[in-house]
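Survey of secondary and tertiary structure
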Amino acid sequence: MRELINWLAEPIRSFPIFTFLFFMMMRYYKVVGTKKFGYWGLAISIPVVAWFCADPNFLAIILWPDNIPINIIIIMLTFLTWLSLYKCAENDKRIEAGECPIEALPENREKVWAWPNLVYTELFVIIATTIFLVVWAIIFKAPLEEPANVTWAPNPAKAPWYFLGLQEMLVYFDPWMAGVVLPGVIVVGLIAIPFIDTNPKGNGYYTFAERPLAITSFLFGWLVLWIYLIIVGTFLRGPNWTFYGPFEYWDFHKVVADYNVNLSEYVWIKILNVPMPKNLVLREIFGIIGTVAYLTVLPFLSLKTKIGKELYAKSGTIRYYIFVFLFIIMMSLPIKMVLRWLINLKYIVALPEWELNL
Amino acid sequence: MSKKQEPGMAFNMQKLNKIFAFLSVAFLITVVWMFLDDYMRPWKAVQLKGIKIKQEKVLKDIEAAEKEINTDSLAKFEMQLEASRKTVESRKKAIEAVEDEMNMIVKELKNETIVKGIANSQVSAVGFQYGVAHSHHYSNEKDLYKKLQGLKKDFAESSERMKILQAKEKSLKRKVLTFSKEVRDTERSIEGIIGKRELLLGAKKKLAMDPIFVLRNLPIIDFLDPTLKIRQVVLENITDDRYFRHVPKVDRCMTCHLFIDEKGYEKQENPYKTHPNLDLMVGAKGKHPMKKFGCTTCHGGEGHRVNDFNSAAHMPKDLAQQKDWEKKYNWHEPHKVPIVQFRRGQYEAGCVKCHSNVEYIPEATVLNQGRRNIRKFGCYGCHKIKGWEHNRKPGPSLEKIASKVSKEFFKNWVWSPKSFNKHAKMPQFFNQTNNNSPEFIRKNITEVNAIAEYVYNKSKPYKPFAKYTGGSSKRGKKLVKEVGCMACHGVKDFTVGSKKVDAFVGPYLSGIGTKVKNRENWLVSWLLKPSHYQKDTVMPSFRLSRREANDIATYLLSKKNKKFEELKFEPMSKTVRDELLVEYFSAFSPADVAKVKLSKMSDHERTMELGYRSVGKYGCYSCHNIEGFEGRAPIGPELTKLGSKPLTQFGFGHEKVSHSRDGWIKAHLLNPRRWDNGADKPFKDLLRMPQFDMTEKQASDITVALIGQVADKVPATGVKQLDKDEAVVAEGMKIVTKYNCIGCHQIDGAYGDILPLYDEDINQGPPRLVGQGHRVQADWLHHFLDNVTPIRFFDKEFAATPIRMPSFNFTNEERNKLVALFQHKSKQKTFEDNTKKVVWERGERRGALKLVESLACNSCHAGLAGSPSEPTAPNLKLAKRRLRPSWIKKWLKDPQAILEGTPMPSFWEDGESMDEDIFGGDPERQQNALVKYLLEIGVDSLSPNQK
C-alpha cells in the first residue's frame, strides 16, 4: 500500500489525479458542498492521516519545523474551500428555487455599528493570533541551521514555503520563465481581475452557478497550479530536488533517470533525420511557430466555441482577449508538464544563445 | 441567529465580553508560559546542582581546615589578645590625644589642598595670558609678568606647607600604630591559624541559597546580576569559520562543566568532573589554559550552544553510551553541525590542526600511534597529506628488481603478499570482495602478468660485488638477533621479541630463502653494503665481515616458504590482454579505431602497454620507484582536510555502517572494498584501495589521526609556533624517522623500540640518548655519523656479537640536521673551545691524579695507565673532543640523574665525596679537577682511527 501511494504521488501521476479530482469537485460541487459530505470527509480523513503519520519517514517530514505552516495551510485550505462550496451550493439551491441568496435575507441586510461589532471582534482575532503565534514559537523552536557556507549549499536547498510552487516550476521551465515571466504575468493577471471580470453576479453572496468560468479558472490556478506545487515542493522533493514518495527515506544517493530533449532536436534529428540548421531562428522555427500560434491562433479559435461566444458577447473585445491571453499563459504550465512527462521535452524553443528558453 | 441583541448590534454583548475575558486569561497564561519557557533553561538546573556539590565540598574543606587548627595555640593567642587589648586600653588617653591632633592635621591638609589647587590653576591661566601678551607685545605684558611671579610664589609657599603637613600626618599615623602593635601582632598570628577556615566560611556564605540568591535569580530581575548565568570564554586567537568571516571562538561549555578547571572534583559525575589532565589542558597553569584555548578547539562540537545536551553535539563513545544518553538526555544524532565533537578516545584528533610540522606530538598517545601506523602502512604514499610530503615512498624501489627476486616470485607476491608472509606490509589488491568473480580474477591475473613483464623489462641490471660462500646458520641466527636487525625487521624465529619491538621499517624476515632463491650473491652484497644495490636505501651497513655476512645469509636462506615456492602463477592470456587494451583504447575513441591501434602493436608492445597502464591503474608507483612514472601524482585522494569533508560526500554505498566521518573511515580502513557491495560496476571502475588487514585498534588509531585533519584555519597567533630550537628539532626528527634512529635509540625518554629486548640489562642495548646535544660536541657527532667507530666494549661473552651502531648512508645535509637536532634540543652552542690550554690551580693537578687513582677510573675506562685490555667503558683520552666539559662535570656529579641504571658509579652521592682527603672533600673542586684532567690527557682526534 505504501509503495502504491509512493508511486501514485509522483507528479506524473498525482498531477492528473489531482486535476481530475479538482474538476470532479467543481462538477459535483453540490454534493461536495453538503454538511454530510464534510462530516464524512472528516471521518475518513482522520484515520487516513493517522495511518500516514504512523510512518516515521512521513512523520519526520510533517514535523520538520519549516513545514508546520504548510500543514496548517493544507488544513485551512481544505476547510475553506469546502466552506465556500457549501455556501455556493446552499445559495444556488435557493436561487434555483427562485429565492434570494442567504446573504440577501432581510435579517442579514440589517446594518450594525462598527463599534463594538467589528472593532471588538477584530481585537479578539488579534489576541487569539498572538496567543497562537507565541504557543507555536514555544513548542516548535526556530529551526537553527549551520552557518551559511558559500562553498557548501544545503541539499535540498529550498525556497521559503510560499515560493516552493515557483521553485517546483523550475523543474519544467527555464529560470527566466519560471522566475520572472510567469510570476510577473500572475501578478499582472491578479491586478487585472477586477477590470476583466465585470460580471456583477455573486457580489456580496456566494454562488457558483452564476459564475462557473471565473471560479473554476481561478481555483484551478490557485489549487492545482499553486498549492499543489507547493505541496510537492515541500513534502515530496528531497536531496538533489529528486522526488521522494511520502513514505520514502531521503536517501542522499537516490538517482532518477531523467534525460530531456529539445523540441528542435526531436524534429530535426529524430523525425526529419537531417542535421540541425546553423541559423538559430531556423533551428527553432517549429517551436517558435508553435508558440506564436498558441498565443495568437488560440484566442481566435476560442471564439468559435460556445463559451467563447457567450463570454465575448458579455465582456467585449479587449476584455475577452486579455482574459484568454492570461488563461492560455496559465495553461502553458500544465501543458509543459504533460509534455515533459510524455516525451521528455526539455524546451519548446531552446535558444540558450539568447537566454530565451520556452 | 437569535435576536437577543439590541438594535444595531450584530452580537450579544454579554457573550462578546465573555469571549474577551476568556481570551484575556488565555493571553495572560501564554505570556506567563512564555516567560517561564524563557526562564527555565536546562543549564540552570545543572548549575543549581553544581552549587550544591560545591557547598558539600566547601563544608568538607571547612571540616578539614578545622581539624588542622591547633586549638591549644589558638586559645593561647586568644588569651594573649585579651591581654594586649587591655594594654592598649590603658593607653587610651594618649591614643585619643594623638587622634585629635591627627584630625586637625587632616583638616588643614584638606584646606591646603584647596588653596594649592586654586593657586595652581591661577598660575596656569595667567601663564597662558602672559605668553599671549608676550608674543604679541601687548602693553599689559609687564603687569601680567609681575602678577604671574606673585602667583608662583603663592603656589610654592602652599606646596611647602603641604609637605610639612604630610610629614606630620605620617609620623602621627606611625605613632597610632605603635600604640596598638600588640593587638595587631596577635591578631595576625590568630589569622595564620584560622585564616583558611575564615576564607572557606566566606566562600560558603557566597554559595548560600538565601533570599538574596533567590532575588538575584528571579525572572526578569535576573538580567541585573544573576548568580545562575551562562559562563563563557572568548578566544581572540582561535576563530570559528563562519565562511564569510572568522569570528573569535566562544565556548560556553563551562556553563554546565562548572568545575572543569578546578581541582578537587575528580570523583564527581559528569558534567561536574575536573578535567583529567589539568597540567596539560584547561588548568590555568597548564600548557593549554582554558582562557586561551577554550574547549571545542580540541574537542570539536558547538561550544557556544547551551540550549540543551544535544546542542553542543556531544557524541557517545559507543552504542551502550548512546543508549544511555538517549534515555537520560534524549540524545539524537546532531544535524546541521559541520564538526561534531570527537568521541571519547578520539580527543587527540584535536591536536592536529595546531601542531603541524612535527612527526610526533608529546603526550598524544593515541594520535602518535595513529601517525606511527600511517607511517607503517604507508597511507601517505598514495594519499597526499600536508606535512607528510617529506617522507620517502613506503615500498622498496623496483628499479633493479630483476636482480633481487624472480619473476615468478614477483607475480605470486603481487597477487597475494600475505600468503607469503602474513606480516607483509604490502597490502592485498586481488581476490577481494569486489573482484573475486571468475571474470575479474581472469582479468586481474592478466594484469599482474603484464605488470611483472613491464617492471622486469624496465629493471636495470645489477651485479652483486660479493660472492656467497656459505657459513654457519647458527652464528647467523645469533647475529640477526643481536647485532640490531630487529630494530627495523621482525623475525619469524623470534616472534616474542618481534612483537615487543613491533618494528616496521624493514620487511618481516621470513621465507627469505624462497624470496631470493638463486640470488644468494645479491643477499650477501646487500648485507655487506646495501647502498651498493640501491643508492638511497635507508638500510644501513653493519660493517659486517664477509664471514658474518655469509653467516647471516646462510641463516636467512635456510628459511623457506615451501608452500609459496610451489605456487605457479597462471600465464598471461593474450586474448584477455587484448580485450583489456581495447577497453583502455576505446575510452576516447570507437572500438574499431582501438582495435586498429592494437593491431599495429607487436606482442611485446601490447604486454608493455598493459603493464604500464596497470601500474598506473593500481598506483604501484605511489609506493615503489618504477621507471616511467617519475613525478606522477600519487593515486589516492588527498586527506589533508578529510576531517572537514561534508558527511554527504562520503559514499556509504549500501553498507550498514555508522553514518559518521569516523565510522566511515574506520570501516573503510578495515575493508576498503566494502562500498562496492551491491554495486554492479564494470571492471575498470572497481574500487582499488587495497586491503591492509589492520586490526581494529590500528584502524581506530589511524582514524583519530585522520579526523583531526580539519580545514579550520587557526590564526597564526593561536597555533603552536615552533620556536627557533623546536623548528630545528622538528627538522631533525624527519631524518630520525627516515632512518629509524628511534628504532634503537631512546631520545630523552621517548621511543627506542628495541629496548624492551634488553629488559634484563638495559646497558647492553643501544645507548639511550639523554641530553645528547649537551653530552657530545657537534663536530664530533658530525664526524661520528659518517665514521662510526665503537666507543665502548662489552663483557667477553657478549663481545662476540654486540649490538652495534650501523653506518648509515647519510648525506652531509642529513648529518648536519641530526647534529643540529640534538644541539638545539639541549640548547647548546655549536662548538666548544677545544684549543684552550688547561690552567691548574696550586696542587689541583696532584689532587686530580690522586682522585683518578682512588676512584679507580682505570678499572673500567680505557685510555688510562693500567686500563684493562678489554675495557667496558669508553676511552677517556677521547673524551676531550667527544664530550662537552660542562656535561662531564654534570655526569660526574650524578650519572644516575642523567641515565638511570648506568654502570657508571656515583662518587659524590648526596654531595658527599668518597675521598675526604683530597681538597678537603669539596665535591665541586674534585669534579672540576677531574674535568681538567680529562681535558689535559685528551688527544685531539675525533675517533681512534683518525691521525
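Residues numbered from 1 in each chain as written. Chains lettered and ligands numbered in written order. Predicted model: local features only at pLDDT ≥ 70, side-chain atom pairs only at ≥ 80, totals over all residues. Heavy atoms only, no water.

An unreviewed UniProt entry lists chain B under the name Cytochrome c domain-containing protein, with Halobacteriovorax marinus as the source organism.

1. Quick notes on the overall build of chain B
In terms of regular secondary structure, chain B is built from 38 helices and 8 strands. Rg of the C-alpha trace for chain B: 41 Å, well past the compact-globule value of 30 Å for 947 residues, more than 25% over. Based on the C-alpha atoms only, the size of chain B along its principal axes is roughly 130 × 115 × 80 Å. Scored against the burial criterion, the 947 residues of chain B give a buried share of 47%. (Helix = DSSP H or I, 4+ residues; strand = E, 2+ residues; numbered from the N terminus. Rg over C-alpha atoms; globule rule 2.2 N^0.38 Å. Buried < 20%, exposed > 50% of the residue type's maximum accessible area, 1.4 Å probe, protein only.)

2. Concerning the interface of chain B and chain A
On the chain A side, the residues contacting the 29 residues of chain B number 29 residues. In total, chain B and chain A occlude about 2,800 Å² of area from one another, counting both sides; carbon and sulfur atoms represent 74% of this. If you look at where chain B meets chain A, you find 1 salt bridge. Where Lys141 of chain A meets Asp37 of chain B, a salt bridge forms, and the shortest distance between an N and an O atom there is 3.0 Å. Among the residues forming the side of chain B that touches chain A, the class breakdown is 19 nonpolar, 5 polar and 5 charged. (Contact = heavy atoms within 4.5 Å. Buried area = accessible area lost by both parts, 1.4 Å probe. Salt bridge = Lys/Arg side-chain N within 4 Å of Asp/Glu carboxyl O. Nonpolar A, V, L, I, M, F, W, Y, C, P; charged D, E, K, R; others polar.)

3. What about the UniProt feature "domain: Cytochrome c" (unreviewed entry) in chain B?
All names here are of chain B. UniProt's entry tags residues 365-459, 471-560, 727-826 and 842-938 with the feature "domain: Cytochrome c" (unreviewed entry), counted in the numbering of this structure. Secondary structure over residues 365-459 splits into 54% helix and 0% strand, and the C-alpha atoms at its two ends are 42 Å apart. In the segment residues 842-938, helix accounts for 44% and strand for 5%; the C-alpha atoms at its two ends are 21 Å apart. (UniProt positions renumbered as here; feature names shortened; annotations may be inferred.)

4. Let's talk about the domain arrangement of chain B
Domain boundaries assigned for chain B yield domain 1 (1-37), domain 2 (71-179), domain 3 (230-339), domain 4 (463-568), domain 5 (724-825) and domain 6 (844-937). Each of domain 2 of chain B and domain 5 of chain B was reduced to a C-alpha centroid, and the two centroids are 73 Å apart. (Domains from an automatic or database assignment.)

5. As for the pairing of strand S2 (residues 246-251) of chain B
Residues in a regular strand point their side chains to alternate faces of the sheet. Residue and element names in this part refer to chain B. Taken together, the 6 bridges between strand S1 (residues 233-241) and S2 define a ladder with antiparallel strand orientation. Its bridge partner being in S2, Val234 is matched across the sheet by Val250. Taking the residues between adjacent antiparallel strands as the criterion, S1 and S2 are bridged by 4 residues, where Tyr243 takes a positive phi near 70°. (Pairing = 2+ DSSP bridges.)

6. Looking at the packing of helix H8 (residues 117-139) of chain A against helix H1 (residues 13-39) of chain B
Their axes nearest at 10 Å, the elements H8 of chain A and H1 of chain B cross at an angle of 25°. Taken together, the axes of H8 of chain A and H1 of chain B lie roughly parallel to each other. Both H8 of chain A and H1 of chain B take part in a crossing whose hand is left-handed. Residues Tyr120, Thr121, Leu123, Phe124, Ile127, Ala128, Thr130, Ile131, Val134, Val135, Ile138 and Ile139 of chain A of H8 of chain A form the contact with H1 of chain B, whose own contacting residues are Met13, Leu16, Asn17, Ile19, Phe20, Leu23, Ala26, Phe27, Thr30, Trp33, Met34 and Asp37 of chain B. (Axes fitted to C-alpha atoms, helices over the stretch in contact; angles between N-to-C directions. Parallel < 35°, antiparallel > 145°, perpendicular 65-115°, else oblique. Left-handed = near helix turned anticlockwise from the far one by under 90°.)

7. Considering the pattern of salt bridges
Residue and element names in this part refer to chain B. In the structure shown here, the tally under the stated rule is 67 salt bridges over all chains. Glu66 serves as the salt-bridge partner of Arg197, at 3.5 Å between the closest nitrogen and oxygen. Pair noted here: Arg197 is in helix H6 (residues 181-207) and Glu66 is in helix H2 (residues 42-68), with a separation of 131 residues, a long-range link. Among the charged side chains, a network of salt bridges with common partners joins Lys574, Arg577, Asp578, Asp603 and Arg606.

8. Some details on empty space enclosed by the protein
All names here are of chain B. Summed over the entire model, instances satisfying the criterion amount to 5 cavities of 30 Å³ or more. Considered as a void within the structure, the largest cavity measures approximately 50 Å³ in volume. Taken together, Asn435, Asn444, Lys617, Tyr618, Arg673, Phe683, Leu686, Leu687 and Arg688 make up the full set of residues lining the largest cavity. Of the residues belonging to the lining of the largest cavity, the class tally is 4 nonpolar, 2 polar and 3 charged. (1 Å grid on protein atoms, 1.4 Å probe; cavity = no way out; pocket = protein on both sides within 12 Å on 5 of 7 lines; lining within 4 Å. Points joined across faces, edges and corners; volume = space filled by probe spheres on them.)

9. A short note on helix H11 (residues 365-377) of chain B
Each α-helix turn comprises 3.6 residues. Residues three or four places apart therefore point the same way. All names here are of chain B. Taking 1.5 Å of rise per residue, 13 residues should cover 18 Å, and H11 covers 18 Å from first to last C-alpha, within 8% of that figure. Most of H11 is tucked away, with 10 of its 13 residues classed as buried. For H11, the set of buried residues is Leu367, Asn368, Gly370, Arg371, Arg372, Asn373, Ile374, Arg375, Lys376 and Phe377. At its buried positions, H11 is contacted by helix H12 (379-382), helix H17 (495-501), helix H28 (696-707) and helix H29 (724-739). Count one or two residues on from H11 and you reach Gly378, which has phi positive near 70°. (Expected span 1.5 Å × (residues − 1).)

10. Here we look at the packing of aromatic side chains
Here a ring pair, both rings aromatic, is described through the centre-centre distance and the interplanar angle of the planes. If you walk through the whole model with that rule in mind, you get 67 aromatic pairs over all chains. Where Trp161 of chain A meets Tyr162 of chain A, the ring centres are 5.4 Å apart and the plane angle is 80°; that geometry is what we call edge-to-face. By relative accessible area, Trp161 of chain A is classed as partly exposed at 30%. With a centroid separation of 6.1 Å and 80° between ring planes, the pair formed by Tyr454 of chain B and Phe629 of chain B is classed as edge-to-face. Of this pair, Tyr454 of chain B sits in helix H15 (residues 438-458) while Phe629 of chain B sits in the loop between helix H26 (620-623) and helix H27 (661-670), and the two are 175 residues apart along the sequence. According to the relative accessible area criterion, Tyr454 of chain B is buried, its value standing at 4%. Judged by its relative accessible area of 3%, Phe629 of chain B is buried. (Phe/Tyr/Trp six-rings, centres within 6.5 Å; stacked < 30°, edge-to-face > 60°.)

11. Structural notes on a negative patch on the surface
All names here are of chain B. Together, Asp894, Glu909, Asp910, Glu912, Glu916 and Asp917 make up a negatively charged patch on the protein surface. By secondary structure assignment, the location of Glu916 is in the loop between helix H37 (895-898) and helix H38 (923-937). Overall, the relative accessible area of 47% leaves Glu916 in the partly exposed class. (Patch = residues over 30% accessible without salt bridge, like charges linked within 9 Å, V, L, I, M, F, W, Y side chains within 5 Å. Areas by Shrake-Rupley, 256 points an atom, 1.4 Å probe, with all protein chains shown as cover. Lys, Arg positive; Asp, Glu negative; His and termini not counted. Charge placed at Lys NZ, Arg CZ, Asp CG, Glu CD.)

12. A few points about the confidence of the model for chain B
Residue and element names in this part refer to chain B. Looking at chain B, pLDDT values average 90 and 98% of them are 70 or higher. When pLDDT is averaged over each element of chain B, helix H33 (residues 812-825) comes out on top at 95 and helix H32 (residues 796-799) at the bottom at 48. Among the prediction metrics, the complex's ipTM stands at 0.79, with pTM recorded as 0.82. (pLDDT = per-residue confidence, 0-100.)

13. Comments concerning H27 of chain B
Residues and elements named next belong to chain B. The element H27 is largely enclosed, with a buried count of 8 among its 10 residues. For H27, the complete set of buried residues consists of Arg661, Asp662, Gly663, Trp664, Ile665, Ala667, His668 and Leu669. Looking at the buried residues of H27, the elements they touch are H28.

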